[in-house]
Amino acid sequence: MTTPIGPRRRRTQKSSSNLKITILCGIVTILVLRGTIGVNRLPDPNDHRQQELLKEANRIVAEIRSGADLDDEPSRISNTTYSLGPKISNWDKDREIWLNQNPNFPNYVNGKPRILLVTGSQPSPCKNPIGDHYLLKSIKNKIDYCRIHGMEIVYNLAHLDTELSGYWAKLPLLRSLLLAHPEVEWLWWMDSDALFTDMIFEIPVSKYENHNLVIHGYPNLLFNEKSWVALNTGSFLMRNCQWSLDLLDAWAPMGPKGKIREEAGKILTENLKGRPLFEADDQSALIYLLIKEKEDKWIMKKVFIENSYYLHGYWEGIVDRYEEMIEKNRAGFGDERWPFVTHFVGCKPCGSYGDYSVERCLKGMERAFNFADNQVLNLYGYGHRGLLSSKIKRIRNDTSSN
Amino acid sequence: MLERCLGHRRLHKIKRIIRQSKLTVICLVLTFVVLRSNIGAGKFGTPQQDFDEIRDHFYSGRRVEPRRVLEEAQVLTTATADVESGGSVGKVGSSEENNYSTIDISKILVDEGEDEKSDPSKPYSLGPKIHDWDEQRAEWLKTNPNFSNFLGPNKPKVLLVTGSSPKPCENPVGDHYLLKSIKNKIDYCRLHGIEIFYNMALLDAEMAGFWAKLPLIRKLLLSHPEIEFLWWMDSDAMFTDMAFEVPWERYKDHNFVMHGWNEMVYDQKNWIGLNTGSFLLRNCQWSLDILDAWAPMGPKGKVREEAGKILTKALKDRPVFEADDQSAMVYLLATQKDSWGEKVYLESSYYLHGYWGILVDRYEEMIENYHPGLGDHRWPLVTHFVGCKPCGKFGDYPVERCLKQMDRAFNFGDNQILQMYGFTHKSLASRRVKKVRNDTNNPLEVRDELGLLHPSFKAVKLPSAS
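Notes on the structure in this doc start here. Every chain's residues receive numbers from 1 upward, in the order its sequence appears when written. Throughout, the order in which chains and ligands are written sets their labels, letters from A for the former and numbers from 1 for the latter. Local features in this predicted model are restricted to residues whose pLDDT is 70 or higher, and side-chain atom pairs enter the listing and the counts only when it is 80 or higher, whereas totals over whole chains, interfaces and linings include all residues. With hydrogens and water stripped out, all remaining heavy atoms of the structure feed into the side-chain values.

Considering the overall build of chain B
Definition in use: Going along the chain from the N terminus, every DSSP run of H or I of four or more residues is numbered as a helix, and every run of E of two or more is numbered as a strand. A simple rule labels every residue: compare its accessible area, found with a 1.4 Å probe on the protein chains alone, to the largest value its type can have, and call it buried under 20%, exposed over 50%, or partly exposed in between. Whether two residues touch is decided by their heavy atoms; if any such pair falls within 4.5 Å, the residues are in contact. Each accessible area value is a Shrake-Rupley result obtained with a 1.4 Å probe; residue values ignore everything except the protein chains displayed when judging cover.
A count of helices and strands for chain B gives 13 helices and 12 strands. Every one of the 466 residues in chain B was classed for burial, and the buried ones make up 49%. Considering only intrachain contacts with a sequence separation of at least 6, the fraction spanning at least 24 residues in chain B is 72%. Split by element, the accessible area of chain B, about 23500 Å² in all, is 56% carbon and sulfur.

Put into structure tokens, the structure is as follows:
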């Protein structure tokens, strides 16, 4: 027998049961949400393995890319001045004797002097993957030019001297190569961000019979304005002789990293027009050396400042004109009509930040690469579909005869 | 009143039942939902799957998550103090425009034009048939005496051909390993007077992938009659013996040299009985013919798929996948031994191709017991990282083993180059180098241990008459 329930109690009961239902619904909602978004689900085994593999791959890649920090050696503290190596005074004579004793390794082959192209980049992966990709394209570009012109290449990936790091690293490298290869007549240093864009042009070496250093620049910028961009050390030729060893010795003192390089940087900024304040770089140091030693003349008379062709071609004024060049000119000029070298100064694709817009740099490099590559592919009857395209098209049909 | 009470009571009861069953129903629904989210409900899926489906529905195209993860990892490593060792020049690159880590290269490259459409009714052909290449070539060499095909009595003119994709690697360090690989080849070839052709162009879209080498090789043979031998080498193969010179005179009666074993190819028909990652091909009519016989399984699509099935059935141990050039060569030789076998040399006395798996752990042992110049199991000429695929995302082997071993192989080879200049790597795993020979002021008195600075195989042939 049911006890009569008062209306109020009934209301209370009703509301309490409504409350129960509300609470229950609330719990349901929370659980449902937890079920879809939350942690409480069994992971899919395949997905888990994929995640693990990806995590592992990322860890390895990050480890490789950070690598051992090669610049953490302590900077020079001692009082002795830096030296590239033991002083050599008889190089011209010693080299001549060696060449006479080794006629199988002549310094002139088929009437042309033996030229060794030297380039390189850092031993560790670039901070940005696109940097390595363009280093690869850059070396392919150099391989193509050198194959066509019978030159050998040395690609350096080692820091031979931790004190002369960065752009100074070329100095000990050049010295080592000069001394180890007496059969080489000219060393041609070329930066990794410089590309050949005229595959036909050949360096007129006969012009430089009486010179030992051929470098692109402008004499008035050098001697009158003392500008820090009067010369460019991104692409230059250095003869294998005593004079070059002496030049390297005179060039090196501003290089050792740390206090010496910092202080030298200040001197250079003070003396060279337009130079921002930063540590000493090899280009400014060479300019300063040439200006200072002009009176002595031992250096200047053997330096040929070349600007009749683009031994170094500043990219900004070049990369937009390729189509115009293709239309109006042809390969072989090497100058502003068809630049020999397009040099992407300041782009620094191997680092994180460049001095120019990344898009402009990368587009420019791709265009320069394809512009040059077309000159090689044309030999085989092909060409790129566009200067920004990696795909190629036939421009000449195959025949059954050579 | 009773009736009313009864009705009322029943009503009450019913209401109560409904109320209670509401709870029951809610609990059932709750249970069902929770279970579904945990275990799934078969083809009805789980909520995560629903979420994925909905997301995929809205984002068409490839999911970019893995790449994003890698980019984030890279941004983290560059966020640390990045003092450029050169400072900045004028315009400091602090704006987003100048930041390389945010760039997407695919937005910069423009693929114009359309691929050549092949005629499906015509069988695939590498090019117009040539019948008299030997005569044409001999004629050319006679009229161009400056371009001799021999650099010395036993030294033919060789062109090493390798290549990679013109697009950046999917793996962020892939391009770095390609760079090290080409540097390694540049070093060996400089020492041995061999020229290099690095290909980045896909000459024939139908023969894409591992088949791309065929049209390229044909084109190079025909364009360079002065080349006596063409040496194809994969981008994942590295020279580890800088002093070993290929015994060219051994192959004077042969046109095609590959690493492999006769029994494994002709008797067992094993798909890895030979390796087409590193081989020598003479520039002659026979080679053009074998390229033409090799090519038919290559054209991508149905032809390659079907050919793959034939190969898997015919060859021992071959897994199921589309036709690859190596299996096709095994098949060609095994089935047409009479046509081609006589001029094919399967070399196994040195590692023209050396499978990395059995070599890389023994480098220290080799350094202790042997010396460069042997080219075989004691000091392999080539260490070939088959299956590693460093340019892609995933290879057939663990990433760590592949990349670390590639570093070791590279350093093992590089040490032989650096010793010419008096340096060596601090260890096989280290990028750093140390001096092993003091500088002297008489550099020409010094002989490098391996005699690689001025080796005999690089000596220029002197003119016989003055």
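Here's the deal with helix α9 (residues 302-314) of chain B
All names here are of chain B. Quick reminder of the rule: For a helix, the expected span equals 1.5 Å multiplied by the number of residues minus one. For this quantity, the arc is that covered by the directions from the helix axis to the C-beta atoms.
Helix length check: α9 (13 residues) gives 18 Å between terminal C-alpha atoms against 18 Å at 1.5 Å per residue, within 8%. Listing the buried residues of α9 in full gives R304, A307, G308, L311 and T312. Angular distribution of buried residues about the axis of α9 spans 140°; they occupy a single face of the element. Exposed positions of α9 whose direction lies more than 90 degrees from the buried face are K302 and K313.

A few points about the side chain of S287 of chain B
All names here are of chain B. With respect to the element layout, S287 can be found in helix α8 (residues 285-294). For S287, a relative accessible area of 0% translates into the label buried. In this structure S287 touches L221, N255, L281 and R282, once residues within four positions along its chain are discounted.

A look at the nonpolar core
For clarity, the threshold we go by: Take the buried residues of types Ala, Val, Leu, Ile, Met, Phe, Trp, Tyr and Cys, join any two whose side-chain atoms come within 4.5 Å, and each joined set is a nonpolar core.
Core analysis: the largest hydrophobic core is formed by 232 residues, its most contacted members being W188, W251 and F340 of chain A together with W231, F256 and W294 of chain B. Per-element tally for this core: the top contributor is helix α11 (residues 358-377) of chain A, with 10 residues. With sequence-adjacent residues up to four places away left out, W294 of chain B is seen in contact with W211, L214, F256, T276, F279, D325, A328, M329 and L332 of chain B. Core analysis: the next-biggest nonpolar cluster, separate from the first, contains 5 residues, I21, L24 and V28 of chain A together with I26 of chain B among them.

Section: the pattern of salt bridges
Our working rule: Just to be clear on terms, a salt bridge is a Lys or Arg side-chain nitrogen sitting within 4 Å of an Asp or Glu carboxyl oxygen.
Counted according to the given criterion, the structure contains 46 salt bridges over all chains. Between K112 of chain A and E202 of chain A there is a salt bridge, with the nearest N and O atoms lying 3.5 Å from each other. With K112 of chain A in strand β2 (residues 112-113) and E202 of chain A in the loop between β6 (194-196) and β7 (213-217), the pair connects residues that are 90 residues apart, well separated along the chain. Take K112 of chain A: its relative accessible area is 36%, and that puts it in the partly exposed class. The salt bridge involving K252 of chain B is made with D253 of chain B; its shortest N-O contact spans 3.8 Å. The exposed category is assigned to K252 of chain B, whose relative accessible area is 60%. A residue is classified by how much of its surface remains accessible, and D253 of chain B, at 48% relative accessible area, is partly exposed. Residues joined by salt bridges that share partners form a network here, namely K140, D144, R147 and D373 of chain A.

Regarding the sheet that holds strand β9 (residues 344-347) of chain B
Residues and elements named next belong to chain B. Put simply, the rule is: Here, a strand pair is defined by DSSP locating no fewer than two bridges between the strands. Axes, fitted as lines to C-alpha atoms, cover a helix only where it is in contact. Angles between the N-to-C directions of the axes lie from 0 to 180 degrees.
Within the open sheet, the 6 strands sit side by side as β4-β3-β5-β8-β7-β9. Their pairing is mixed. Single-partner strands in this sheet number two, and they are β4 (195-199) and β9. This sheet shows a mean twist of 25° between the axes of neighbouring strands, independent of strand direction. Taken together, the 4 bridges between strand β3 (residues 158-163) and strand β5 (residues 229-233) define a ladder with parallel strand orientation. Each residue of the ladder has a partner; that of L160, found in β5, is W231.

Focus: helix α6 (residues 213-223) of chain B
Helical geometry: 3.6 residues make up each α-helical turn, so side chains three or four residues apart lie on a common side. Of all 11 residues in α6 of chain B, 10 are buried; the element is thus mostly enclosed. Inspection of α6 of chain B places K213, L214, P215, L216, I217, R218, K219, L220, L221 and L222 of chain B among the buried residues, and these make up the whole buried set.

With respect to the interface of chain B and chain A
Rule in force here: Take the accessible area each of two parts loses on contact, using a 1.4 Å probe, and add the two losses: that sum is the buried area. Residue type decides the class: Asp, Glu, Lys and Arg count as charged, Ala, Val, Leu, Ile, Met, Phe, Trp, Tyr, Cys and Pro as nonpolar, and the leftover types, Gly among them, as polar.
Chain B puts 114 residues into the contact, and the matching count from chain A is 118 residues. Regarding the contact of chain B and chain A, the summed buried area is about 10700 Å², with carbon and sulfur atoms giving 63% of it. Looking only at chain B, the three residues that lose the most surface to chain A are Y100, R431 and L444 of chain B, adding up to 8% of its buried area. In this structure, the connection of chain B to chain A is made through 1 salt bridge. Contributing elements (two or more residues each) for the side of chain B that touches chain A: α1 (2-39), α2 (47-58), α3 (65-79), α4 (133-143), α5 (174-192), β4, α6 and α13 (399-418) of chain B. The element contributing the most residues to the side of chain B that touches chain A is α1 of chain B, with 12 residues. Classifying every residue of the side of chain B that touches chain A gives 57 nonpolar, 30 polar and 27 charged.

Side note on empty space enclosed by the protein
This is how the line gets drawn: Each cavity reported here is a set of points on a 1 Å grid over the protein atoms alone in which a 1.4 Å probe fits but cannot get out, each pocket an open set with protein on both sides within 12 Å along at least five of seven lines, and each lining residue one with an atom within 4 Å of a point. Grid points are joined across faces, edges and corners, and a volume is the space filled by probe spheres set on the points.
For the structure on display, the rule yields 8 cavities of 30 Å³ or more. Counting only elements with at least two residues in the lining of the largest cavity, the list comes to β4 (152-156) and α5 (170-180) of chain A together with α5 and α13 of chain B. By residue class, the composition of the lining of the largest cavity is 11 nonpolar, 2 polar and 4 charged. In the lining of the second largest cavity, the residues fall into 8 nonpolar, 1 polar and 5 charged.

Considering the packing of α8 of chain B against helix α10 (residues 325-335) of chain B
All names here are of chain B. Filter applied, for reference: An angle below 35 degrees is read as roughly parallel, one above 145 as roughly antiparallel, one from 65 to 115 as roughly perpendicular, and any other as oblique.
Look at α8 against α10: their axes get within 10 Å of each other, and the N-to-C directions meet at 110°. Here α8 lies roughly perpendicular to α10, going by the angle between them. Contacts between α8 and α10 involve I290, A293 and W294 from the former and D325, A328, M329 and L332 from the latter. Across the contact of α8 with α10, the residue classes break down as 6 nonpolar, no polar and 1 charged.

Notes on a nonpolar patch on the surface
Rules: Patches in this entry comprise residues that are over 30% relatively accessible and not in a salt bridge; like charges within 9 Å are linked, as are nonpolar side chains (Val, Leu, Ile, Met, Phe, Trp, Tyr) within 5 Å.
On the surface, a cluster of nonpolar side chains totalling about 280 Å² of accessible area is made up of L19, I23 and I27 of chain A. Mapping I23 of chain A onto the fold places it in helix α1 (residues 7-37).

Quick look at the state of the cysteines
Residues and elements named next belong to chain B. Counted only if it meets this: In this description, a disulfide is simply a cysteine sulfur pair whose atoms lie within 2.5 Å.
Under the criterion given, the structure shown has 4 disulfides over all chains. The disulfide partner of C169 is C391, and the gap between their sulfur atoms is 2.0 Å. Taking the torsion about the S-S bond as the criterion, the C169 to C391 disulfide, at about -100°, is left-handed. Taken as a pair, C169 in the loop between β3 and α5 and C391 in the loop between β10 (382-384) and α13 lie far apart in primary sequence, 222 residues in all.

Examining the sheet that holds β7 of chain A
Strand pairing in a sheet is mediated by backbone hydrogen bonds. Such pairs are either parallel or antiparallel. The 6 strands lie next to each other as β4-β3-β5-β8-β7-β9 (chain A), forming an open sheet whose pairing is mixed. Across the chains shown, the open sheet's two edge strands, defined by having one partner strand only, are β4 and β9 (303-306) of chain A. Within this sheet the neighbouring strands show an average axis-to-axis angle of 25°, counted without direction. Where α5 of chain B meets the sheet, its contacts fall on β3 (115-120) and β4 of chain A, and the angle it forms with β4 of chain A comes to roughly 140°.

A closer look at unusual backbone geometry
Of note, the phi angle at K226 of chain A is positive, near 50°, even though the residue is not glycine. Among the secondary structure elements, K226 of chain A is positioned in the loop between α6 (219-224) and β8 (231-239). Positive phi, normally seen in glycine, also occurs at D317 of chain B, with a value near 70°. Looking at the element boundaries, D317 of chain B is found in the loop between α9 and α10.

A word on the packing of aromatic side chains
Put simply, the test is: Here a Phe, Tyr or Trp ring, Trp counted by its six-membered ring, pairs with any other such ring whose centre lies within 6.5 Å, and the pair is stacked when the planes are under 30 degrees apart, edge-to-face when over 60, and tilted otherwise. The rule is short: NZ of Lys or CZ of Arg within 6 Å of the ring centre and within 35 degrees of the ring normal puts a charge over the ring.
One pass over the full model with this rule turns up 36 aromatic pairs over all chains. Ring centres of W188 of chain A and F196 of chain A lie 5.5 Å apart, and the angle between their planes is 90°; this geometry places the pair in the edge-to-face category. Judged on exposure class, the residue W188 of chain A and its partner F196 of chain A are both buried. Taking 5.7 Å as the distance between ring centres and 90° as the angle between the ring planes, the aromatic pair formed by Y380 of chain A and F197 of chain B counts as edge-to-face. Taken as a pair, Y380 of chain A in the loop between α11 and β11 (382-384) and F197 of chain B in strand β4 lie in two separate chains rather than in one. With relative accessibility at 7%, the residue Y380 of chain A sits in the buried group. Here the aromatic cluster, defined as three or more aromatic residues joined through ring pairs, consists of Y145, W188, F196, F201, Y309 and F340 of chain A. Residue placement shows R275 of chain A over the ring face of F278 of chain A; its charged tip is 4.2 Å from the ring centre. For the cation-ring pair, K337 of chain B lies above Y266 of chain B, with the distance from its terminal atom to the ring centre recorded as 4.4 Å.

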